[in-house]
Amino acid sequence: SDSHFPVPICPSDVDFASHYPQFSGNPMVRFADVGCGFGGLLVALSPLFPDTLIIGMELRDKVTEYVKDRIHGLRPTNPGHYNNISVVRTNSMKYIPNYFHKAQLSKMFFLFPDPHFKEKNHRRRVISPHLLDEYAYVMQLGGILYTVTDVDELGDWMKSCLQNHPLFEPVGEDEITTDPVVKLLTSATEEGQKVARNGGQTFMAIYRRVASKED
Ligand code: SAM
């Protein structure tokens, strides 16, 4: 339960400096991978954005420890690399505002989140109208929120939540095809690789944080 991991009372209470020892001063995380699982996206993003601090957020203790070990294993064998990625164990559905200041993040990732099929469990989904308010709060104007799933019903749900939210607007097709991050959504993570191996379909919804939507 939540009592087993520390919850920061506010973003300045998080010791991010210890997560990124090669970055001095008051390092600011800009990308968050929510429900990062085994960390494949973090490892893939790291060399693409070497000056950007990236955090994975994961609920399961053992999985979080695995990601920590993975990153700490990569750093000494690849000197100068993988210093910009780290992971925290937390319940992202409850504590996003405890970790990030207003307008801090430029990218948020939600890759293959748990589907919670039953209607009464939809409130457990990591994309919901209420949680989008929180994500909008911690994201910069122009920041991009990426989602992907292999469950078509969940894909429809995430897209409609984003579409109906006043502070998110769909990213255009041209931009999606040139954004180097997009191909990682289906290829970089352990879940994405499993879906690809099984020949499964995937459904993406990629939205930009805007000041307000022009209808
Ligand atoms: N994104 C990874 C990938 O694509 O391989 C993992 C996908 S896995 C199906 C969903 C992950 O979200 C699990 O590792 C689960 O523990 C994590 N998760 C579920 N609810 C969470 C929450 N409230 N806060 C943080 N992580 C959560």
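Residues numbered from 1 in each chain as written. Predicted model: local features only at pLDDT ≥ 70, side-chain atom pairs only at ≥ 80, totals over all residues.

Caption draft 1: Summary view of the UniProt feature "binding site: S-adenosyl-L-methionine" (unreviewed entry) in the protein. The sites that UniProt annotates as "binding site: S-adenosyl-L-methionine" (unreviewed entry) are Gly35, Glu58, Leu59, Asn91, Ser92, Leu111, Thr189, Glu190 and Glu191. Inspection of the secondary structure assignment puts Leu59 in the loop between strand 2 (53-58) and helix 3 (61-77). Its location among the elements puts Asn91 in the loop between strand 3 (85-89) and helix 4 (92-99). (UniProt positions renumbered as here; feature names shortened; annotations may be inferred. Helix = DSSP H or I, 4+ residues; strand = E, 2+ residues; numbered from the N terminus.)

Caption draft 2: Local environment of helix 3. For helix 3, spanning 17 residues, the distance from its first C-alpha to its last is 25 Å, which sits close to the expected 24 Å at 1.5 Å a residue. Where helix 3 is concerned, the buried positions are Thr64, Val67 and Ile71. Taken end-on, helix 3 shows its buried residues confined to a sector of 60 degrees, consistent with a single buried face. Residues of helix 3 that are exposed and angled more than 90 degrees away from the buried face: Asp61, Lys62, Asp69, His72, Gly73, Pro76 and Thr77. The elements touched by buried residues of helix 3 are strand 2 and strand 3. (Expected span 1.5 Å × (residues − 1). Buried ≥ 20, exposed ≤ 12 C-beta atoms within 10 Å, placed from the backbone. Arc of directions from axis to C-beta. Contact = placed C-beta atoms within 7 Å.)

Caption draft 3: Focus on the site of the ligand. As a structural note, the neighbourhood of the ligand is formed by 19 residues, with Gly35, Gly37, Leu59, Thr189 and Glu191 the closest of them. Counting residues per element, the ones that place at least two in the shell around the ligand are strand 2, helix 4 and helix 9 (190-197). By residue number, the principal contributor to the shell around the ligand is helix 9, which donates 3 residues. Here the residues of the shell around the ligand are counted per class, giving 8 nonpolar, 6 polar and 5 charged. (Near = placed C-beta within 6 Å. Nonpolar A, V, L, I, M, F, W, Y, C, P; charged D, E, K, R; others polar.)

Caption draft 4: Molecular detail of the sheet that holds strand 1 (residues 29-34). On the basis of which strands lie adjacent, the open sheet formed by 7 strands has the order 3-2-1-4-5-7-6 and mixed pairing. Here the strands that pair on one side only, and so sit at the sheet edges, are strand 3 and strand 6 (168-170). Looking at each pair of strands side by side, their axes are set apart by 25 degrees on average, direction ignored. (Pairing = 2+ DSSP bridges. Axes fitted to C-alpha atoms, helices over the stretch in contact; angles between N-to-C directions.)

Caption draft 5: Structural context of the pairing of strand 2. Within strand 2, 5 of the 6 residues are buried, which leaves it mostly tucked inside the rest of the structure. Where strand 1 and strand 2 come together, 5 bridges link them in parallel fashion. Counted as the bridge partner of Phe31 is Ile54 from strand 2. For the crossover from strand 1 across helix 2 (residues 40-48) to strand 2, the handedness is right-handed. Sheet topology places strand 2 next to strand 3; 5 bridges connect them, and they run parallel. (Right-handed = clockwise from strand over helix to strand, strands pointing away.)

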